[in-house]
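Read off the chains here:
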Amino acid sequence: MIDQRRSKNAEATIYRMTLTATVYHVWQERNRVVFQRRRRQLEEIVRMIIQEVFSRGSLVQRQNKRLQDLNSYPM
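Conventions used here
- Residues numbered from 1 in each chain as written.
- Predicted model: local features only at pLDDT ≥ 70, side-chain atom pairs only at ≥ 80, totals over all residues.
- Heavy atoms only, no water.
- Helix = DSSP H or I, 4+ residues; strand = E, 2+ residues; numbered from the N terminus.
- Buried < 20%, exposed > 50% of the residue type's maximum accessible area, 1.4 Å probe, protein only.
- Contact = heavy atoms within 4.5 Å.
- Areas by Shrake-Rupley, 256 points an atom, 1.4 Å probe, with all protein chains shown as cover.
- Core = buried A, V, L, I, M, F, W, Y, C linked by side-chain atoms within 4.5 Å.
- Expected span 1.5 Å × (residues − 1).
- Polar contact = N/O pair within 3.5 Å; in protein donor to acceptor, adjacent residues only side chain to side chain.

Peer 1: Outline the overall build of the protein chain, supporting the account with residue identities and numerical values.
Peer 2: In terms of helices and strands, the protein chain carries three helices and zero strands. Helices (α) and strands (β) of the protein chain occur, in sequence order from the N terminus, as α-α-α. Within the span of the protein chain, comprising 75 residues, buried residues form 25% of the whole. A fraction of 50% describes how many contacts in the protein chain between residues 6 or more apart in sequence connect residues 24 or more apart. For the protein chain, the accessible surface area stands at approximately 6000 Å², while carbon and sulfur atoms represent 55% of it.

Peer 1: Could you give an account of the nonpolar core, naming the residues involved and the relevant values?
Peer 2: If you look at the biggest cluster of nonpolar residues, it comprises seven residues: I14, M17, A21, I45, I49, V53 and L67. Elements that contribute at least two residues to this core include exactly α1 (10–36) and α2 (42–57). The residues contacting V53, other than those within four sequence positions of it, are I14, M17, T18, A21 and L67.

Peer 1: Which residues make up unusual backbone geometry, and what values go with them?
Peer 2: Of note in the backbone geometry, R37 takes a positive phi value of approximately 55° without being a glycine. Within the element layout of this structure, R37 appears in the loop between α1 and α2. Taking the relative accessible area as the measure of exposure, R37 reaches 73% and is therefore exposed.

Peer 1: How would you explain α1 if you had to name every residue and give the values?
Peer 2: With 27 residues, α1 should cover 39 Å at 1.5 Å per step; its first-to-last C-alpha distance of 37 Å lies within 8% of that length. Here α1 has its buried residues at A10, A12, T13, I14, M17, A21, H25, E29, N31 and R32. Among the structural elements, α2 and α3 (61–70) are those in contact with the buried residues of α1. The N-terminus of α1 is capped by N9, whose side-chain oxygen sits 3.3 Å from the backbone nitrogen of E11. At the exit of α1 stands R37, carrying a positive phi of roughly 55°.

Listed below in structure tokens is the structure:
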């Protein structure tokens, strides 16, 4: 496996964005459960993560091309 932490290619950047978005949304969901006593469905959280990665990645041309290649998530 490529060391995704240090590489600067599009795949490594998308990997880091996905990891960051996942941690953020899991933490947000944890706070939502603890403070509001409300839960989202897993599919909704996954969709939010994917939408965030696609929206941020589409701002950079080389990432956008790679994201389009990966665009196979069933909506």
